Amino acid sequence: MDDKTDSKTDFASIAVAICVAAYIAIMLAYLAQYDLGLSAARTRHLSMLAALFLALPVALDLLRTGPGDAR
């Protein structure tokens, strides 16, 4: 194998990752709503806060390095 084919991410891997993430999100929402007793609005607000804290470092890193410097 050469280096060009090793660095590519195929469509199937991306689709599987998205499906697994969606399944985990559904299971966490069920757990929060029925086992922990949180309302749908509170779950939505907490998930938005979690997404913000997880995505912010990634976005800041992309802004810091710029699109041409990414590895």
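Up top is the structure.
For the structure given in this document, a descriptive report is provided here. The shown structure was predicted, so the numbers you read here are calculated from the model rather than taken from an experiment. Note that residues are indexed from 1 along each chain, following the sequence as it is written. Thresholds applied to this predicted model are a pLDDT of at least 70 for local features of residues and 80 or more for the giving and counting of side-chain atom pairs; totals over whole chains, interfaces and linings are not thresholded and use all residues. Only hydrogens and water are set aside when side-chain values are computed; all heavy atoms of the structure are taken into account.

1. Examining the layout of surface pockets
Stage number 1. A 1.4 Å probe that fits into a set of points on a 1 Å grid over the protein atoms alone but cannot get out defines a cavity; an open set with protein on both sides within 12 Å along at least five of seven lines defines a pocket, and lining residues are those with an atom within 4 Å of a point. Grid points are joined across faces, edges and corners, and a volume is the space filled by probe spheres set on the points. By volume, the largest pocket amounts to about 240 Å³.
Stage number 2. Numbered from the N terminus, helices here are DSSP runs of H or I no shorter than four residues, and strands are runs of E no shorter than two. For the lining of the largest pocket, the elements supplying multiple residues, two or more each, are helix H2 (11-35) and helix H3 (40-65).
Stage number 3. Element by element, the count of residues in the lining of the largest pocket is highest for H2, at five residues.
Stage number 4. Among the residues forming the lining of the largest pocket, the class breakdown is eight nonpolar, two polar and no charged. Basically, the charged four are Asp, Glu, Lys and Arg, the nonpolar ten are Ala, Val, Leu, Ile, Met, Phe, Trp, Tyr, Cys and Pro, and anything else, Gly included, counts as polar.

2. Structural notes on a nonpolar patch on the surface
Stage number 1. Grouping into patches uses exposed residues only, defined as over 30% relative accessible area, and leaves out salt-bridged ones; the cut-off is 9 Å for like charges and 5 Å for nonpolar side chains (Val, Leu, Ile, Met, Phe, Trp, Tyr). Each accessible area is a Shrake-Rupley result for a 1.4 Å probe, and residues are judged covered by the shown protein chains and nothing else. By salt bridge we mean one thing: a side-chain nitrogen of Lys or Arg within 4 Å of a carboxyl oxygen of Asp or Glu. A cluster of nonpolar residues, Val 16, Val 20, Tyr 23, Ile 24, Ile 26, Met 27, Leu 28, Leu 31 and Leu 36, forms a patch on the protein surface that exposes about 900 Å² of accessible area.
Stage number 2. Whether a residue is buried, partly exposed or exposed follows from its accessible area with a 1.4 Å probe, protein chains only, as a fraction of its type maximum: under 20%, in between, or over 50%, in that order. Met 27 sits in the partly exposed class, given a relative accessible area of 40%.

3. A few points about H2
Stage number 1. The end-to-end C-alpha distance of H2 is 35 Å, a good match for the 36 Å that 25 residues give at a rise of 1.5 Å each.
Stage number 2. Looking at the residues trailing H2, positive phi occurs at Gly 37, about 80°. In this analysis, the expected span of each helix is defined as 1.5 Å times one less than the number of residues it contains.

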